[in-house]
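Architecture at a glance
Here is what each chain is made of, one letter per residue.
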Amino acid sequence: MEAAMTAIETTGTVDEDHRLRLDEALPVSGPMRVRVIVLYPLTEGISEDEWLRAAARNPAFRDLEAPEEDVYSLDVVGEESRRHAALERIQPLLDHPSVHLGGPRPSRDELHER
C-alpha cells in the first residue's frame, strides 16, 4: 500500500537544459524521492480570441445573457455603482444562507483571531 502524500505548490523556471529550478527551497527534509507535476502554458492551440468566441457560443454560458446578469453594463456608472449592484445581487444569499452553522456567526474579529 502506498503511503499517504501531501502537496506543496510553488513556482520555478525550466532552464535551457530542461531542468526545473525552484524559486524557493522546499519545506521538506531530504534526500527523498518526490512526485512532480509541472503546469505550463500551452504554446500551441487556440488563440484567446478563438477561445472567447467558442465560450460565447457555449450553451453553458447562455444564462449570462439575461439582463439581470449584466452588472457591468454601460448603464452602470462608476466603481461604487458596480459594487452596490453586486452587493444587491448577493445580499439575499447573505441574509438567508443555505448552510446552518449551528450557532451564532462569529464576528469579524473572532474570524481573524483563528
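Residues numbered from 1 in each chain as written. Predicted model: local features only at pLDDT ≥ 70, side-chain atom pairs only at ≥ 80, totals over all residues. Heavy atoms only, no water.

Further remarks concern helix 2 (residues 78-95). Taking 1.5 Å per residue as the helical rise, helix 2 with its 18 residues ought to reach 26 Å, and the 26 Å between its terminal C-alpha atoms agrees with that figure. Largest kink in helix 2: about 40 degrees, centred on R89, with the proline P92 one to four residues after it. (Helix = DSSP H or I, 4+ residues; strand = E, 2+ residues; numbered from the N terminus. Expected span 1.5 Å × (residues − 1). Bend = angle between axes of the 7 residues up to and from the residue.)

Glancing now at unusual backbone geometry. A negative phi angle characterises most non-glycine residues, just as the trans form characterises most peptide bonds. Cis rather than trans, the peptide bond between G30 and P31 has omega equal to 0 degrees. Topologically, P31 is positioned in the loop between strand 2 (20-22) and helix 1 (48-57). Backbone geometry places H18, a non-glycine residue, at a positive phi of 65 degrees. Owing to a relative accessible area of 70%, H18 belongs among the exposed residues under this scheme. (Buried < 20%, exposed > 50% of the residue type's maximum accessible area, 1.4 Å probe, protein only.)

Here the protein averages 79 in pLDDT, and 84% of its residues register 70 or above. The least confident element of the protein, judged by mean pLDDT, is helix 3 (residues 108-113) at 77; the most confident is strand 2 at 93. (pLDDT = per-residue confidence, 0-100.)

With that out of the way, let us pick up the environment of L20. In this structure, L20 sits in strand 2. Given the relative accessible area of 40%, L20 is considered partly exposed. Separated by 18 residues in sequence, L20 and V38 have C-alpha atoms that sit 9.2 Å apart. The contacts of L20, once residues within four sequence positions are left out, are G12, T13, V14 and V36. (Contact = heavy atoms within 4.5 Å.)

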